[in-house]
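Summary of the model geometry
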Amino acid sequence: QFLVSNNMSAALGTEKYRIFWMQNMLWSNIKLLSWLEKEYGAVVVMEAFGYQKGPVFENPDDLDRIFYDLARKTLALPMIHGASGPIENYLEVSEQIIKDYQVDLAMFVGHVSCKHTWAVSKLVKDMVREKFDLPTLTIDVDAIDSRYKKPEETQAIISEFMETLA
């Protein structure tokens, strides 16, 4: 809480940009995160794939309620909460991340094989723009295999976006 309220990162010091990563992490080019920190003072503070906001078991004595809450918990797991259920789930998660993490900008670094997330990405990006007026970058990648788009290509696209913010 201290770091957030003082606009600081444990890794970087003073932050210039707090990024909401609107899809799963870019595992094929994870060095990109330290480059963003060093080059632009930009830190990915949360990503939608791993964000967990599951229900709490409200009444452990009610077996029907337990099964209901277990079903709700299952729908809150990664790859389901943001893309395989109603769009409202993805919108709610995105809105909560933006509020909780005091985000300055968003990046939809979309995995090419996650067609279900690409289908809803426009609706989420529209919500981010309309409710929060945040600049948002959209880029396609393969989160696992860097042969799809070379790290230098991804970095160049993100660099151009970050330069427009400055």
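The preceding data block contains the structure.
Attention in this report is confined to the structure presented alongside it.

1. What about the packing of helix 2 (residues 31–40) against helix 6 (residues 151–165)?
Look at helix 2 against helix 6: their axes get within 12 Å of each other, and the N-to-C directions meet at 30°. With respect to helix 6, the element helix 2 is oriented roughly parallel. Between helix 2 and helix 6 lies a crossing whose hand is right-handed. Taking contact as the criterion, the partners of Leu32, Trp35, Leu36 and Tyr40 in helix 2 are, on helix 6, Thr154, Gln155, Ile158, Ser159, Met162 and Glu163. Tallied by class, residues from the contact of helix 2 with helix 6 come to 6 nonpolar, 3 polar and 1 charged.

2. A closer look at the environment of glycine 50
Within the secondary structure, glycine 50 is located in the loop between strand 4 (42–47) and helix 3 (63–75). A C-alpha to C-alpha distance of 8.7 Å links glycine 50 and methionine 25, two positions 25 residues apart in sequence.

3. Describing the side chain of serine 121
Within the secondary structure, serine 121 sits in helix 5 (residues 115–132). Classification of serine 121 as buried rests on a relative accessible area of 4%.

4. Structural notes on the pattern of salt bridges
Scanning the model with the defined rule gives 9 salt bridges in all. Between arginine 18 and glutamate 15 there is a salt bridge, with its nearest N and O atoms 2.6 Å apart. With relative accessibility at 4%, the residue arginine 18 sits in the buried group. The exposure class assigned to glutamate 15 is buried, which follows from its relative accessible area of 7%.

5. With respect to the sheet that holds strand 4
Sheet strands associate in pairs through backbone hydrogen bonding, adopting either a parallel or an antiparallel arrangement. Read from one edge to the other, the open sheet built from 4 strands follows the order 4-3-5-6, with strand pairing classed as parallel. Each edge of the open sheet is held by one strand with a lone partner, namely strand 4 and strand 6 (136–141). Pairs of neighbouring strands in the sheet enclose a mean axial angle of 30°, with direction left out of account. Note: strand 3 (residues 17–21) against strand 5 (residues 105–111), 3 bridges, orientation parallel. If you follow isoleucine 19 over to strand 5, its bridge partner there is leucine 105.

6. Things to note about the pairing of strand 3
Counted residue by residue, strand 3 has 5 buried out of 5 residues, so it is predominantly covered. Covered by surrounding structure in strand 3 are Tyr17, Ile19 and Trp21 together with Arg18 and Phe20, the residues of both alternating faces. In the sheet, strand 3 pairs with strand 4 via 5 bridges, with the strands oriented parallel. What sits directly across from phenylalanine 20, in strand 4, is methionine 46.

7. Here's the deal with helix 3
Taking 1.5 Å per residue, 13 residues should reach 18 Å; helix 3 reaches 19 Å between its end C-alpha atoms and fits that length. For helix 3, the side-chain oxygen to backbone nitrogen distance between the N-cap and aspartate 64 is 3.1 Å, and the N-cap itself is aspartate 62.

8. Regarding the side chain of aspartate 142
Turning to its location among the elements, aspartate 142 is positioned in the loop between strand 6 and helix 6. No salt bridge forms around the buried aspartate 142; measuring N to O, its nearest opposite-charge neighbour arginine 147 is 7.4 Å away. Within the structure, aspartate 142 has its side chain in polar contact with the backbone nitrogen of aspartate 145 (distance 2.8 Å). Residues contacting aspartate 142, with those up to four places away along its chain left out, are Leu26, Ser28, His111, Val112 and Tyr148.

About the cut-offs
- Residues numbered from 1 in each chain as written.
- Predicted model: local features only at pLDDT ≥ 70, side-chain atom pairs only at ≥ 80, totals over all residues.
- Heavy atoms only, no water.
- Axes fitted to C-alpha atoms, helices over the stretch in contact; angles between N-to-C directions.
- Helix = DSSP H or I, 4+ residues; strand = E, 2+ residues; numbered from the N terminus.
- Parallel < 35°, antiparallel > 145°, perpendicular 65-115°, else oblique.
- Left-handed = near helix turned anticlockwise from the far one by under 90°.
- Contact = heavy atoms within 4.5 Å.
- Nonpolar A, V, L, I, M, F, W, Y, C, P; charged D, E, K, R; others polar.
- Buried < 20%, exposed > 50% of the residue type's maximum accessible area, 1.4 Å probe, protein only.
- Salt bridge = Lys/Arg side-chain N within 4 Å of Asp/Glu carboxyl O.
- Pairing = 2+ DSSP bridges.
- Expected span 1.5 Å × (residues − 1).
- Polar contact = N/O pair within 3.5 Å; in protein donor to acceptor, adjacent residues only side chain to side chain.
- Lys, Arg positive; Asp, Glu negative; His and termini not counted.

All quantities given are derived from atomic positions and should not be read as evidence of function.
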